[in-house]
Amino acid sequence: MVNQTRPPGASRRAVLTGAGTALAGAIALGGCGRAATARKAVKRLPKALMESDVRILSAALALERRAVAAYVAGIPLLPHPQAKAARQFLNEELEHTGELISLITAAGAKPPPRADSYPLGHPSDGAGVLALLHSLETLQVSNYLQSIPHLSPGPVRAAVASILTVDAQHLTMVRFIQGQTPVPSAFVSGAE
Amino acid sequence: MPAQTRRELLRGGAAGAGGAAAGVLLAAASAQAAPAPAAVSVTDRLQRLIRIELLLAFSYRHVLASSVLTPRARRTLTPFVAHEQAHIAALERELTARGATLPAAPASVAAANHDLGHRKVGGRLGQLRGDLDAVRLLLTLEQVTIGAYFVALLKLEETGLIELASQIMANEAQHDAMLGLLMPPNKPADAVPYGLVQGLQ
């Protein structure tokens, strides 16, 4: 793990950019040899465990793709400030699909294809879109919480948890925009 | 290193190392490849998590007891104290069940500040000059806490503990987002600026 230091009073963006720098440093320092080591770490799993992980990751990928489809379809129905937030969250959902595909590929499997369409209901206004996004983010959070303990290697569990955290943040922001209590519980359960 | 956004850096990582997830694996593999430090037991990990949660709860209480917060910030942050207390109670139950000693909360502001310094968190309790100073300190401490759970999840093996750590990590990330919303420009899009949250380690 990378340690980093921050000057007192550093801005949030500066702090987080620092985190990015540190992560990039880890990647850069890793180089090809360590990338191969990481892939081997996944490939060293017994076949049954690897297949189980790929099933879990593929199911999560399907939910992320459904959320992407909902954001793409719903953004035009949202008023400007909400649409701006939704576009940001869409980019992050796309990043999640990329992460999951990387993990599936590292396990030596082929990511499942996208569905031709996803069941999204028929929201006709901003409130309907927010309700849809709320339900899909909740579903994702719930799925990650159930599946993370069943993933085999710790690094994969932690990587997937770093996606869970962002979907939990999306859920909080959607609740905030809807005028609901943004963080209703001390333990994220996926039932919010 | 030239100034780059985290997104750019992650994109660079994706191009060069097969994705940020691969980067996570890399960092973990790198840690695994390093000379093995003394093994950290489950109880040690729980104690570490409880210590940082105690510091977080102490910091929230201190900030809320001061006069630096705006009413809006106060309304936002007040429920978080109970959340941190619930996290501590859940972790302490796990620790007690394993017969280990419960860590103590910081005994004073000076002790808490020493711990903040040790964790490289900018700002000191008792010296906060306003709302944003306080929010920034809590935001950074939340990110350090998220980082502690991320590291714990790399190593925890018990299903119940993995589930608990994931639930708490996600809750701290929600706190992080709400603290972000208290920072200018106070917009939801800026409160969740990154696609992956691993905290600060």
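Residues numbered from 1 in each chain as written. Chains lettered and ligands numbered in written order. Predicted model: local features only at pLDDT ≥ 70, side-chain atom pairs only at ≥ 80, totals over all residues.

Q: Account for the overall build of chain B, naming residues and giving values.
A: In terms of regular secondary structure, chain B is built from eight helices and zero strands. Helices and strands in chain B line up, N terminus first, as α-α-α-α-α-α-α-α. For chain B, with 201 residues in total, the buried portion stands at 50%. Considering only intrachain contacts with a sequence separation of at least 6, the fraction spanning at least 24 residues in chain B is 67%. (Helix = DSSP H or I, 4+ residues; strand = E, 2+ residues; numbered from the N terminus. Buried ≥ 20, exposed ≤ 12 C-beta atoms within 10 Å, placed from the backbone. Contact = placed C-beta atoms within 7 Å.)

Q: How would you sum up the packing of helix 5 (residues 154-177) of chain A against helix 7 (residues 159-181) of chain B? Please name residues and give values.
A: Packing of helix 5 of chain A against helix 7 of chain B leaves a shortest axis separation of 8 Å and a crossing angle of 45°. Looking at the two axes, helix 5 of chain A sits oblique to helix 7 of chain B. Considering the relative orientation of helix 5 of chain A and helix 7 of chain B, their crossing is right-handed. Across the interface between the two elements, R157, A161, L164, T165, A168, Q169, T172 and M173 of chain A of helix 5 of chain A pack against I162, S166, M169, A170, A173, Q174, A177 and M178 of chain B of helix 7 of chain B. Grouping the amino acids of the contact of helix 5 of chain A with helix 7 of chain B by side-chain chemistry returns ten nonpolar, five polar and one charged. (Axes fitted to C-alpha atoms, helices over the stretch in contact; angles between N-to-C directions. Parallel < 35°, antiparallel > 145°, perpendicular 65-115°, else oblique. Left-handed = near helix turned anticlockwise from the far one by under 90°. Nonpolar A, V, L, I, M, F, W, Y, C, P; charged D, E, K, R; others polar.)

Q: How would you summarise the packing of helix 4 (residues 126-147) of chain A against helix 5 of chain A if you had to cite specific residues and measurements?
A: All names here are of chain A. For the pair helix 4 and helix 5, the least separation of the axes is 9 Å and the interaxial angle reads 150°. Compared by their axis directions, helix 4 and helix 5 come out roughly antiparallel. In the packing of helix 4 onto helix 5, the handedness of the crossing is left-handed. Along its contact with helix 4, which presents L130, L133, H134, E137, T138, Q140, V141, Y144 and L145, the element helix 5 presents V160, I163, L164, D167, A168, H170, L171, V174, R175 and I177. Among the residues forming the contact of helix 4 with helix 5, the class breakdown is twelve nonpolar, four polar and three charged.

Q: I'd like a description of the nonpolar core, backed by residues and values.
A: With 103 residues, the main nonpolar core has V160 and L164 of chain A together with L138, Y149, L153, A165 and M169 of chain B as its most contacted residues. With 15 residues, the top contributor of residues to this core is helix 6 (residues 131-155) of chain B. Look past the residues within four positions of L153 of chain B in its chain and what remains in contact with it is G154, R157, A158 and A161 of chain A together with I162, A165 and S166 of chain B. (Core = buried A, V, L, I, M, F, W, Y, C linked by C-beta atoms within 7 Å.)

Q: Hey, could you go over the environment of T70 of chain B for me, with residue numbers and the actual values?
A: Residue and element names in this part refer to chain B. You can see T70 is positioned in the loop between helix 3 (42-65) and helix 4 (71-97). For T70, a count of 14 C-beta atoms within 10 Å puts it in the partly exposed group. Along the chain, T70 and L102 lie 32 residues apart, while their C-alpha atoms are 35 Å from each other.

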